[in-house]
Amino acid sequence: MAVERTLSIIKPDATRRNLTGQINARLEEAGLGIVAQRRIRLSLDQARQFYAVHQSRAFFNDLCEFMVSGPVVVQVLEGEDAIAANREVMGATNPANAAEGTIRQAFGESIEANSVHGSDSAENAATEIGFFFAECDIVG
C-alpha cells in the first residue's frame, strides 16, 4: 500500500448543517490525515471549470448551481491508499444506496446533496488538488 493524497469537498448541504467536524472525525477515524483545508465559496465559473468533465451530462447545471449555493470545505487528505479509503468512508453516491456508517448514508440528503465529494483516481486527485491548492499549502 502506498501513501496517497486525495481531494475531499464537504458540500454546501453539509456546511449549512454544521457537519464539517463530524465528517472530518469520520475521515480521521478512517486513517486519513487532513493536510490542507480551506473554507471557500465557489463562483459559478469555478464550479463549471471544476466539474467540466460532466458538462455534457443532464445534471451539470444543477450540480454547479448547487455547489455555489453555500460555502464548501476543500481539503487534501493523506494516508495509505487514501483515494480508496476516502471513497469507502464516503459511501455510494446515492445516500439511499450507501452502506451503513458511511458519510453519505449518515448525512446525505439526495444524490446531489450527498454531503461530500472525493477524487476517484490518482490522476483526478492530482488535478483536483491542484485546482484548489499550491504544493506550499499542503503540510503533511
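Residues numbered from 1 in each chain as written. Predicted model: local features only at pLDDT ≥ 70, side-chain atom pairs only at ≥ 80, totals over all residues. Heavy atoms only, no water.

Right, let's get into the side chain of His-117. Relative to the helices and strands, His-117 is located in strand E4 (residues 116–118). Since its relative accessible area comes to 13%, His-117 is described here as buried. Of the polar contacts made by the side chain of His-117, one reaches the side chain of Glu-128; its length is 3.1 Å. Those residues in contact with His-117 that lie beyond four places of it in its chain are Leu-7, Ser-8, Ile-9, Lys-11, Phe-50, Tyr-51, Met-90, Arg-104 and Glu-128. (Helix = DSSP H or I, 4+ residues; strand = E, 2+ residues; numbered from the N terminus. Buried < 20%, exposed > 50% of the residue type's maximum accessible area, 1.4 Å probe, protein only. Polar contact = N/O pair within 3.5 Å; in protein donor to acceptor, adjacent residues only side chain to side chain. Contact = heavy atoms within 4.5 Å.)

Let us now look at the pairing of strand E3 (residues 72–80). Among the nine residues in E3, seven count as buried, and that is most of the element. Both strand E1 (residues 3–10) and E3 contribute to a ladder of eight bridges, which runs antiparallel. Across the sheet, residue Ile-10 finds its bridge partner in E3, namely Val-73. By the bridge criterion, seven bridges tie strand E2 (residues 33–40) to E3 in an arrangement that is antiparallel. Bridging across to E3, Arg-38 finds its partner in Val-74. (Pairing = 2+ DSSP bridges.)

By themselves, these are just geometric observations and shouldn't be taken as functional.
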